Amino acid sequence: MKTIQLKHFFKATALALALSSSMATFAQPTDEVIALVDNSVILKSDLDQSIAEIKYQLEAQKKSVPPAQYLQQQALDQLIIRQAQLEQVKRYNIKPNEKELNEAVLKAANQSDSKSLEAFQQELDAIAPGTYDSLRNRIAEDVAINRLRQQIVMSRIKISDQDVENFLKTPQGQAALGQ
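The text that follows walks through the structure, step by step, so that each part is easy to find. (Residues numbered from 1 in each chain as written. Predicted model: local features only at pLDDT ≥ 70, side-chain atom pairs only at ≥ 80, totals over all residues. Heavy atoms only, no water.)

1. Quick notes on the nonpolar core
Stated formally: We call a set of buried residues a nonpolar core when its members are Ala, Val, Leu, Ile, Met, Phe, Trp, Tyr or Cys and they connect through side-chain atoms within 4.5 Å of each other. Here the term buried applies to any residue with accessible area under 20% of the maximum for its type, exposed to any over 50%, and partly exposed to those in between, with areas from a 1.4 Å probe on protein chains only. Secondary structure follows DSSP: runs of H or I at least 4 residues long count as helices, runs of E at least 2 residues long count as strands, and numbering of each begins at the N terminus. Only heavy atoms matter for contacts: two residues are in contact if any of them lie within 4.5 Å across the pair.
In this structure, L101, V105, A108, A109, L117, F120, L124, Y132, L135, I139, A140 and V143 together form the largest nonpolar core, which totals 12 residues. Listed by contribution, the elements that provide at least two residues to this core are α4 (98-111), α5 (117-127) and α6 (131-156). If you tally residues by element for this core, the top one is α6, at 5 residues. In this structure, I139 is in contact with L101, A104, V105 and A108, ignoring residues within four places of it in sequence. Counting 11 residues, the second largest nonpolar core, distinct from the first, contains V37, L47, L71 and A75.

Structure, rendered in structure tokens:
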């Protein structure tokens, strides 16, 4: 079930990236700033693209699309959270290594039934030039955000000697010791 959802997600993302990369990558004169997040801006065109992606994903999953105002607010919230996380990624200089990034892209390729990264790239770029690079950049951001989250969680975990002793007294602790 989860594999099917991930497959739909990656197909939807690929399609949305194809659509977005075929459009101009710079702000249109009629584009307007709708939110500021630290040193970054969120444009109306970003919001429109996000709304289109969410609608496509919901329709692909055969779920009903909520009212436009609710959908717009949800999309804006997601954009703000993502941009704030990306600002933190920049601040802490978190970057995925090439091996980790290639594995994540290969996973996306496998979920879209591509046989190799090269075939996946050709399929995406056949939709619109630059789609593969856009998807790769987005996956790199996702990997970096996940690493940021892991670092935040790990920094909050404190295990005392007493915690270890208490665990070792439990049946699970005894089993871990092989007793």
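2. Brief notes about the layout of surface pockets
Empty space among the atoms becomes apparent when a probe as large as a water molecule is rolled across them. Using the following cut-off: Within this scheme a cavity is a closed region of a 1 Å grid, computed over the protein atoms alone, that accommodates a 1.4 Å probe without allowing it to escape, whereas a pocket is open but has protein on both sides within 12 Å along at least five of seven lines; lining residues each have an atom within 4 Å of a point. Grid points are joined across faces, edges and corners, and a volume is the space filled by probe spheres set on the points. For this classification, Asp, Glu, Lys and Arg are treated as charged, while Ala, Val, Leu, Ile, Met, Phe, Trp, Tyr, Cys and Pro are nonpolar and the rest, including Gly, are polar.
Looking at the second largest pocket, its volume works out to about 160 Å³. Every residue lining the second largest pocket is listed: L86, V89, K90, N93, I94, K95, P96, A140, E141 and A144. Of all the secondary-structure elements, those providing two or more residues to the lining of the second largest pocket are α3 (68-91) and α6. Counted by class, the lining of the second largest pocket contains 6 nonpolar, 1 polar and 3 charged residues.

3. Description of the pairing of strand β2 (residues 40-43)
What counts here: When DSSP finds at least two bridges between two strands, those strands are taken to pair.
Of the pairings in the sheet, the one linking strand β1 (residues 33-37) to β2 comprises 4 bridges and is antiparallel in character. Its bridge partner being in β2, L36 is matched across the sheet by V41. A loop of 2 residues connects β1 with β2, the two strands running antiparallel in sequence, and D38 in this loop sits at a positive phi of about 50°.

4. So, the pattern of salt bridges
Threshold: Think of a salt bridge as a Lys or Arg side-chain nitrogen and an Asp or Glu carboxyl oxygen that are within 4 Å of each other.
Within the structure shown, the criterion is met by 9 salt bridges. When the shortest N-O distance is used, the salt bridge between D142 and R82 registers 2.6 Å. Of this pair, D142 sits in helix α6 while R82 sits in helix α3; the two residues are 60 residues apart in sequence, bridging distant segments of the chain. Judged by its relative accessible area of 26%, D142 falls in the partly exposed class. R147 serves as the salt-bridge partner of E100, at 2.2 Å between the closest nitrogen and oxygen. Taken as a pair, E100 in helix α4 and R147 in helix α6 lie far apart in primary sequence, 47 residues in all. We classify R147 as partly exposed; its relative accessible area is 21%. Each of R82, E141 and D142 takes part in a single network of salt bridges with overlapping partners.

Scope: geometric values only; no functional claims are made or implied.
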